[in-house]
Amino acid sequence: MSTTLGELAEQFDCQLQGSPAVAVDHVDSLVNADATAISFLSNAALKSQLETTGAAAVILREGDAGDSPVPVLVSDNPYATYANIAAVLHPSRTLRPGVHASAVVDDDADVAESAEIGPHAVIEAGAKVGEHAYVGPGCVVGPGCVVGEATRLLGRVTLVEDVRMGDRCLVHPGAVIGADGFGNAMTPTGWVKVPQVGGVTIGDDVEIGANTTIDCGAIDDTVIGNGVRIDNLCMIAHNVIIGEHTAMAAQVGIAGSARIGSRCLFAGHSGTVGHIEVCDDVVVTGKTMITKSITEPGAYSSGWAGEPAKSWAKTVARVRRLGSLVDRVAKLEKDNK
Amino acid sequence: MSTTLGELAEQFDCQLQGSPAVAVDHVDSLVNADATAISFLSNAALKSQLETTGAAAVILREGDAGDSPVPVLVSDNPYATYANIAAVLHPSRTLRPGVHASAVVDDDADVAESAEIGPHAVIEAGAKVGEHAYVGPGCVVGPGCVVGEATRLLGRVTLVEDVRMGDRCLVHPGAVIGADGFGNAMTPTGWVKVPQVGGVTIGDDVEIGANTTIDCGAIDDTVIGNGVRIDNLCMIAHNVIIGEHTAMAAQVGIAGSARIGSRCLFAGHSGTVGHIEVCDDVVVTGKTMITKSITEPGAYSSGWAGEPAKSWAKTVARVRRLGSLVDRVAKLEKDNK
Amino acid sequence: MSTTLGELAEQFDCQLQGSPAVAVDHVDSLVNADATAISFLSNAALKSQLETTGAAAVILREGDAGDSPVPVLVSDNPYATYANIAAVLHPSRTLRPGVHASAVVDDDADVAESAEIGPHAVIEAGAKVGEHAYVGPGCVVGPGCVVGEATRLLGRVTLVEDVRMGDRCLVHPGAVIGADGFGNAMTPTGWVKVPQVGGVTIGDDVEIGANTTIDCGAIDDTVIGNGVRIDNLCMIAHNVIIGEHTAMAAQVGIAGSARIGSRCLFAGHSGTVGHIEVCDDVVVTGKTMITKSITEPGAYSSGWAGEPAKSWAKTVARVRRLGSLVDRVAKLEKDNK
């Protein structure tokens, strides 16, 4: 859609430098933007791109406004303002309320009239789909599941059973929420499956990535707080509790019954063992493994940065010989006495 | 469903402390249980919860029975007894034999009359679905695949081709079994795909997690033994062989042609390189990478526990300077001679 | 299908040692091959299997030909020749052009007559499916997506939106291409979603593994070069660019805006941070984390090989005490002055 800088400045409370009549109809990068695009600068390293941008306008901080060759929307947080404006110019697909002819909706399911149920979706008995919700092609919404108002399940999402999602959530394709937790009791004749009778409770405004899995609780629920962001291919095990606004990058794994605080950030391939607590405002860097509870906010690490394989091999060999180095130092100390 | 302590004691061969007439109809945690719930204590750390539990009864070890304020089922293995009782009180959904009107079953597929084929499932030519099997919504059972008796594929599982599953298996949503192994031959003009003509053989009583992938063999089959447990988002590559009752937590990766023994345990994010053998009864701890064959049972590790990022940075810097430390020690030794 | 050694020798330009009339109809391993199978030897470690093979013929290097008890096709690259011959003997399933009655194809989609659209597939408005393409059961091809000529999407693949795939690609079940990148702007009240308005551009002859996810670009496209091979459960984040013929094993994660060169190899569980560049011909070994741009071809590592847990615990403890070891050496040096 198309709008003007004046309207955007008013809607998002930005100071405008330039003509309010300038029209924009899409967002683009500084480098590729044309005269109908609005762009943004939030990373100082890209400032050189500002000088030559062909954008109709740019969103940036007050301190950078003087360097812009084009009209400016001034924002304290250009990236967030960009996000809001991009949402205006590139709105989500409008819902087409109703149930597609190929969808299978159980008579005992409760689907709001304003919701859209896509092709080949399956809504099982006892499920509830809220107002203005979207259940995309090939999704399965199992017994006792609740899809909140304006929550959108894109294609091929599975809510297994007793998964209660809040409002305005967004779940990407292939995500599986509410599958059995990994509960097994060892016996002399092998594993006995431990029935997983809990559900999953998910807050409002949660986004869940493609092919991510969030297991149901063993007895009580697995719980995901409001505003949580989980990227693709993450694993949230049974009875994990995740605090509000925590974000996890791809391929993170949180083991069973771990309790993660609010506003934490987990980088890719990181994870925690089970049955620990991580307090609020913790940052876990890439590939780090958290093995004990964390009670102090801050950054935590155990990942090694890659280096040329030959020098790495030397490092590894030296570490493996540390015992003998310790012995040699002890001998030197003894000799020196 | 509802039953009595007397019936449970008899069925699972437990000594009963209390009235056999006490009725229970669900399981719950010690903390949340009410007067119709049965709970369990298998972790000594939770013993304080026993004193105040509102449960109708508790399953625990003989040594703990004296401390229970409520009736007790005494068991040598309370967790396994709990699992069995939970399965009685919370049975799997009863099958509705037959093929859903929206399912697509090829004329040359062989589906037992007692099996249930869910909405939008696809059963291709030459596939076979056994007695009392369940093929859930959106599943695809490809050519030459066999779903054993009472085996259940929950929603959106794909068996690609020549996947032969045993009896009483359980496969969670999104799992893909029998996709092509990663076989590529380098040539001067790029990769040539190596056709993957093997299948997958899966034993009885195997459980496979959500969005896990098990590739077909390059020539011979990939093989998963009886009673194996594989959690979510694991990767089992072509021609891997996994022994009976081995369990793998989420996001484990086993590379091609690795041969894993029986009763092994792999923790999250761990894995092995290809073409190695791991003997029976090996435990691989979190994030560990196994690069050579293992011939002795026991625990193996290479994961680093996370610590505050600043202290970790110091550790890393010291390790990278180990070479100069070694030189300094050598110089001291020389000077001391 | 069946053919003769003479025909294969001619088709793949191999020298033939033995009778051209010998017929073969499948490939098999040296150990299991029978008199209608052709096998290959490319790994010297398996040479002992050659002596007793029951194969009708074997593909091998000239230097090994003298040791073969059976007819030989001589090749400079036996593995690649094997791959080509296996493709002849085990061809992909023949397409059945047309749209399955249960598929849902939007009136505004453009599907070639020679393409096959499988059961329960969904082709949305503005999508295009090329000649001889295959869209398997349960796939979703979203708005603006292009499935190139002879490209095959096996079951339950999702192309979300504006995913443009080249010709002769192969995508395995459960892959999700074009889901939103992980873009979030922090504000005092929580995350604001950054709309992801870019698409995905995929070259020709690309293979993408089961349950792998490739996100769409934030503004510009995510780009996968010709001939790239990506294994299962990999994560390719928004705006990543991958050069031609690069191969990534399972569970690799490439973070946003990373630019990976051509002919790179990434082993399992490895990955990179975002916004870096990796030059051509780089090998990243298992579990390695690349945190800085790489400008020199070669192998890079940061993975630790597993060892018995007790000795690993000692190694870890010694590393954690390195600071005091450094102090002790410094004291020795001072005392020695």
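Residues numbered from 1 in each chain as written. Chains lettered and ligands numbered in written order. Predicted model: local features only at pLDDT ≥ 70, side-chain atom pairs only at ≥ 80, totals over all residues. Heavy atoms only, no water.

**Student:** Please clarify how the overall build of chain A should be interpreted in this entry.
**Tutor:** Counting secondary structure elements, chain A contains six helices and 40 strands. Relative to the compact-globule value of 20 Å for 337 residues, chain A shows a C-alpha radius of gyration of 26 Å, a clear excess of over 25%. By its C-alpha atoms, chain A is 85 × 60 × 35 Å across when sized along the principal axes. Counting across all 337 residues of chain A, residues that qualify as buried make up 58%. Relative to all contacts within chain A whose residues are 6 or more apart in sequence, the contacts with residues 24 or more apart total 17%. Total accessible area on chain A is roughly 12700 Å²; 51% of this is exposed by carbon and sulfur atoms. (Helix = DSSP H or I, 4+ residues; strand = E, 2+ residues; numbered from the N terminus. Rg over C-alpha atoms; globule rule 2.2 N^0.38 Å. Buried < 20%, exposed > 50% of the residue type's maximum accessible area, 1.4 Å probe, protein only. Contact = heavy atoms within 4.5 Å. Areas by Shrake-Rupley, 256 points an atom, 1.4 Å probe, with all protein chains shown as cover.)

**Student:** Whenever I open this one, the relation of the copies chain C and chain B confuses me. Can you help?
**Tutor:** What relates the pair of chain copies is a rotation about an axis plus a shift along that axis. Mapping chain C onto chain B leaves a residual RMSD of 0.1 Å; the transformation is a rotation of 120 degrees accompanied by 0.0 Å of translation along its axis. Accordingly, the operation relating the two chain copies is best matched by a three-fold axis. (Least-squares fit on C-alpha atoms with pLDDT ≥ 70 in both.)

**Student:** Looking at this model, I keep getting lost on the interface of chain A and chain C. Mind explaining?
**Tutor:** You'll often see interface size given as the accessible area lost when the parts meet. In this assembly, 63 residues from chain A lie in contact with 72 residues from chain C. Here chain A meets chain C over a buried area of about 5200 Å², counting both sides, of which 64% is carbon and sulfur. Run the count over chain A and chain C and you get three salt bridges. Across the salt bridge formed by A:Arg320 and C:Glu307, the nearest N and O atoms sit 2.2 Å from each other. Here chain A is connected to chain C by 26 residue pairs in polar contact (both at pLDDT 80 or more). The element that contributes the greatest number of residues to the side of chain A that touches chain C is helix 6 (residues 322-336) of chain A, accounting for nine residues. Looking at the side of chain A that touches chain C residue by residue, the class counts come to 33 nonpolar, 21 polar and nine charged. Here strand 40 (residues 307-308) of chain A pairs with strand 39 (residues 298-301) of chain C via two bridges, running antiparallel. Looking at the pairing, A:Glu307 lines up with C:Ser301 of strand 39 of chain C. (Buried area = accessible area lost by both parts, 1.4 Å probe. Salt bridge = Lys/Arg side-chain N within 4 Å of Asp/Glu carboxyl O. Polar contact = N/O pair within 3.5 Å; in protein donor to acceptor, adjacent residues only side chain to side chain. Nonpolar A, V, L, I, M, F, W, Y, C, P; charged D, E, K, R; others polar. Pairing = 2+ DSSP bridges.)

**Student:** Can you help me understand the interface of chain C and chain B in this one?
**Tutor:** On the chain B side, the residues contacting the 63 residues of chain C number 71 residues. Here chain C packs against chain B, burying approximately 5100 Å² in sum over the two surfaces, 64% of which is carbon and sulfur. Looking at the side of chain C facing chain B, the largest losses of area belong to C:Arg156, C:Arg229 and C:Arg320, adding up to 12% of the total buried there. Our count for the contact surface shared by chain C and chain B stands at three salt bridges. With a shortest N-O distance of 2.8 Å, B:Arg328 and C:Glu333 are connected by a salt bridge. The interface formed by chain C and chain B includes 28 residue pairs in polar contact (both at pLDDT 80 or more). Contributions of two or more residues to the side of chain C that touches chain B are made by helix 4 (78-89), strand 28 (229-230), strand 31 (247-248), strand 40 (307-308), helix 5 (309-320) and helix 6 (322-336) of chain C. No other element matches helix 6 of chain C, which puts nine residues into the side of chain C that touches chain B. Looking at the side of chain C that touches chain B residue by residue, the classes come out as 33 nonpolar, 21 polar and nine charged.

**Student:** Help me out: how do you make sense of the sheet that holds strand 21 (residues 176-179) of chain C in this one?
**Tutor:** Residues and elements named next belong to chain C. Taken together, the ten strands give an open sheet; going across it, the order is 9-12-15-18-21-26-29-32-35-38, and neighbouring strands pair in parallel fashion. Where the open sheet ends on each side, the last strands, each with one partner, are strand 9 (104-105) and strand 38 (289-290). Of the pairings in the sheet, the one linking strand 35 (residues 271-272) to strand 38 comprises two bridges and is parallel in character. Bridging from a neighbouring strand, Gly 271 pairs with Met 289 of strand 38.

**Student:** Explain the pattern of salt bridges here, please?
**Tutor:** Close approach of charged atoms allows side chains of opposite charge to pair. The final tally for this structure, using the stated rule, is 45 salt bridges over all chains. Between C:Lys47 and C:Asp67 there is a salt bridge, and its shortest N-O distance comes to 2.8 Å. Of this pair, C:Lys47 sits in the loop between strand 5 (37-40) and helix 2 (48-51) while C:Asp67 is found in the loop between helix 3 (62-65) and strand 7 (72-74), placing the two residues 20 residues apart along the sequence. Its relative accessible area of 40% is what places C:Asp67 among the partly exposed residues. A single network of salt bridges, built from pairs that share partners, joins A:Asp180, A:Lys193, B:Glu207 and B:Arg229.

**Student:** In this structure, what is going on with the sheet that holds strand 2 (residues 15-17) of chain B? I would like to understand it.
**Tutor:** Strands pair in a sheet through their backbones, by hydrogen bonds, and they do so in one of two ways: parallel or antiparallel. Residues and elements named next belong to chain B. The strand order 2-7-6-5-4 describes an open sheet built from five strands, whose pairing is mixed. The sheet terminates laterally at strand 2 and strand 4 (26-27), the two strands that pair on one side only. Sheet topology places strand 4 next to strand 5 (residues 37-40); two bridges connect them, and they run parallel. Along strand 5, the bridge assignment pairs Val 27 with Ile 38.

**Student:** Can you help me understand the pairing of strand 23 (residues 190-193) of chain C in this one?
**Tutor:** Two faces, one strand: in a regular strand the side chains alternate between the faces of the sheet. Residue and element names in this part refer to chain C. Two elements, strand 22 (residues 184-187) and strand 23, share four bridges in a ladder whose sense is antiparallel. From the neighbouring strand, Met 186 faces strand 23, where its bridge partner is Trp 191. As consecutive antiparallel partners, strand 22 and strand 23 are separated by two residues.

**Student:** Help me understand the side chain of B:Arg229, please; the structure alone is not making it clear to me.
**Tutor:** Tracing the backbone through its elements, the reader meets B:Arg229 in strand 28 (residues 229-230). Within the structure, the side chain of B:Arg229 is placed 2.9 Å from the backbone oxygen of B:Asp205, a separation counted as a polar contact. The contacts of B:Arg229, once residues within four sequence positions are left out, are A:Phe182, A:Asn184, A:Trp191, A:Val192, A:Lys193, B:Asp205, B:Val206, B:Glu207, B:Thr246, B:Ala247 and B:Met248.

**Student:** How do you make sense of the packing of aromatic side chains when you look at a structure like this?
**Tutor:** In this description, a pair of aromatic rings is defined by centroid distance and the angle of the planes. If you walk through the whole model with that rule in mind, you get 15 aromatic pairs over all chains. Members of the aromatic cluster, connected to one another through ring pairs, are A:Trp304, A:Trp312, B:Trp304, B:Trp312, C:Trp304 and C:Trp312. (Phe/Tyr/Trp six-rings, centres within 6.5 Å; stacked < 30°, edge-to-face > 60°.)

**Student:** For this particular structure, what's the right way to read empty space enclosed by the protein?
**Tutor:** Take a probe with the size of a water molecule and roll it over the atoms, and the empty space left behind shows itself. Counted under the stated rule, the structure contains five cavities of 30 Å³ or more. Estimates place the volume of the largest cavity at around 270 Å³. Considering only residue class, the lining of the largest cavity consists of five nonpolar, nine polar and three charged. Here the residues of the lining of the second largest cavity sort into 13 nonpolar, six polar and three charged. (1 Å grid on protein atoms, 1.4 Å probe; cavity = no way out; pocket = protein on both sides within 12 Å on 5 of 7 lines; lining within 4 Å. Points joined across faces, edges and corners; volume = space filled by probe spheres on them.)

**Student:** In this structure, what is going on with the packing of helix 6 of chain A against helix 6 (residues 322-336) of chain B? I would like to understand it.
**Tutor:** To describe two helices that pack against each other, one gives the angle between their axes and the distance between the axes. Interhelical geometry of helix 6 of chain A versus helix 6 of chain B gives an angle of 35 degrees and a closest axis separation of 11 Å. Seen from above, helix 6 of chain A lies across helix 6 of chain B with left-handed handedness. Here A:Leu322, A:Leu325, A:Arg328, A:Val329, A:Leu332, A:Asp335 and A:Asn336 of helix 6 of chain A lie close against helix 6 of chain B, whose contacting residues are B:Leu322, B:Leu325, B:Val326, B:Val329, B:Ala330, B:Leu332, B:Glu333 and B:Asn336. The residue inventory of the contact of helix 6 of chain A with helix 6 of chain B, partitioned by class, reads ten nonpolar, two polar and three charged. (Axes fitted to C-alpha atoms, helices over the stretch in contact; angles between N-to-C directions. Left-handed = near helix turned anticlockwise from the far one by under 90°.)

**Student:** It is not clear to me how helix 4 (residues 78-89) of chain A should be interpreted in this structure. Could you clarify?
**Tutor:** Side chains three or four residues apart in an α-helix point the same way, a direct result of the helix having 3.6 residues per turn. Taking 1.5 Å of rise per residue, twelve residues should cover 16 Å, and helix 4 of chain A covers 16 Å from first to last C-alpha, within 8% of that figure. All buried positions along helix 4 of chain A are accounted for by A:Pro78, A:Ala80, A:Thr81, A:Tyr82, A:Ala83, A:Ile85, A:Ala86, A:Val88 and A:Leu89. (Expected span 1.5 Å × (residues − 1).)

**Student:** So what exactly am I meant to see when it comes to the environment of B:Gln49 here?
**Tutor:** Residues and elements named next belong to chain B. Structurally, Gln 49 is set in helix 2 (residues 47-51). The exposure class of Gln 49 is partly exposed, given its relative accessible area of 26%. When the C-alpha atoms of Gln 49 and Ile 38 are compared, they prove to be 14 Å apart, with eleven residues separating the residues in sequence. With sequence-adjacent residues up to four places away left out, Gln 49 is seen in contact with Leu 30 and Val 31.

**Student:** How should I be thinking about the environment of C:Ala210 in this particular structure?
**Tutor:** The residue C:Ala210 is located in the loop between strand 25 (207-208) and strand 26 (213-215) in this model. C:Ala210 sits in the buried class, given a relative accessible area of 0%. Sequence separation between C:Ala210 and C:Arg164 is 46 residues, and the spatial gap between their C-alpha atoms is 19 Å. Once residues lying within four places of it in the same chain are set aside, the contact partners of C:Ala210 are B:Val176, B:Ala179, B:Thr213, C:His172, C:Pro173, C:Asn232 and C:Leu233.

**Student:** How should helix 5 of chain C be read in this particular structure?
**Tutor:** Its twelve residues give helix 5 of chain C an end-to-end C-alpha distance of 16 Å, which sits within 8% of 16 Å, the value for a rise of 1.5 Å per residue. Those residues of helix 5 of chain C lying buried are C:Trp312, C:Thr315, C:Val316 and C:Val319. Buried residues of helix 5 of chain C, viewed axially, fall in a sector of 95 degrees; they line one side. Projecting away from the buried face of helix 5 of chain C at angles above 90 degrees are the exposed residues C:Lys310 and C:Lys314. Buried residues along helix 5 of chain C sit in contact with helix 5 (309-320) and helix 6 of chain A, strand 39 (298-301) and helix 5 (309-320) of chain B together with strand 40 and helix 6 of chain C. (Arc of directions from axis to C-beta.)

**Student:** What is the right way to look at unusual backbone geometry in this model?
**Tutor:** The phi angle of most residues is negative, glycine excepted, and most peptide bonds adopt the trans form. Here A:His245, not a glycine, exhibits a phi torsion of approximately 65 degrees, which is positive. Residue placement: A:His245 occurs in the loop between strand 30 (241-242) and strand 31 (247-248). Of the residues examined, A:His245 reaches a relative accessible area of 18% and is grouped as buried. With a phi angle near 60 degrees, C:Ala150 is a residue other than glycine that sits in the positive phi range. Along the polypeptide, C:Ala150 turns up in the loop between strand 16 (146-147) and strand 17 (152-153). C:Ala150 sits in the partly exposed class, given a relative accessible area of 31%.

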